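A look at the structure
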Amino acid sequence: MPERLTDRRIEAVKPPATERTEIMDTVQRGLCYRVTPNSERTWSLRIKINGRSRRFPIGLYPDISLAEARKRAARIRLDAIDGHDPIEERRRARAQNLA
């Protein structure tokens, strides 16, 4: 269920016993805060690029704050609007590094 994420709300999320907990932000559309059973807390952005649904990892919490996650999500979204697919670009970069 989407909700307005706050620093206080993020800190209050307890690790689930099984599966994972995901909370979507209502301020930055597509921003997702995920907590796993082993207490890993991550940020990601869910966006559609060229008609394909994508999930782009942003980073770990608390290394990346809520404010910073929102900024990065906005940047990724703008790049996607300009026609860039950050996931595909990352895959190409990795393939070039392996070659």
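Residues numbered from 1 in each chain as written. Predicted model: local features only at pLDDT ≥ 70, side-chain atom pairs only at ≥ 80, totals over all residues. Heavy atoms only, no water.

**Describing the pairing of strand β2 (residues 31-35)**
- Of all five residues making up β2, five are buried, and the element is well covered by its neighbours.
- Side-chain alternation along β2 places L31, Y33 and V35 on one buried face and C32 and R34 on a second face that is also buried.
- Where strand β1 (residues 21-24) lies against β2, four bridges are found, and the strand directions are antiparallel. Bridge pairing in β2 places T21 opposite V35.
- If you look at the hairpin formed by β2 and strand β3 (residues 41-49), you'll find five residues sitting between the two strands, and S39 has a positive phi there, around 75 degrees. (Buried < 20%, exposed > 50% of the residue type's maximum accessible area, 1.4 Å probe, protein only. Helix = DSSP H or I, 4+ residues; strand = E, 2+ residues; numbered from the N terminus. Pairing = 2+ DSSP bridges.)

**Points about the confidence of the model for the protein chain**
- Taken as a whole, the protein chain shows an average pLDDT of 92; of its residues, 99% reach a score of 70 or greater.
- Averaged pLDDT values over the elements of the protein chain bottom out at 83 in helix α3 (residues 86-98) and peak at 97 in β2. (pLDDT = per-residue confidence, 0-100.)

**A word on the sheet that holds strand β4 (residues 52-60)**
- Across the sheet, which stays open at both edges, the four strands sit in the order β1-β2-β3-β4 with antiparallel pairing between neighbours. Of all strands in the sheet, those with a lone pairing partner are β1 and β4, marking the two edges. Within the sheet, the average angular offset between the axes of one strand and its neighbour, ignoring direction, is 30 degrees.
- Relative to β4, β3 is paired through eight bridges, and the arrangement is antiparallel. Residue pairing across strands places T42 opposite L60, the latter belonging to β4.
- Together, β2, β3 and β4 form the strand contacts of helix α2 (residues 66-81), whose direction differs from that of β3 by roughly 20 degrees.
- Across the sheet, α3 touches β3 and β4, and the angle it forms with β4 is around 70 degrees. (Axes fitted to C-alpha atoms, helices over the stretch in contact; angles between N-to-C directions. Contact = heavy atoms within 4.5 Å.)

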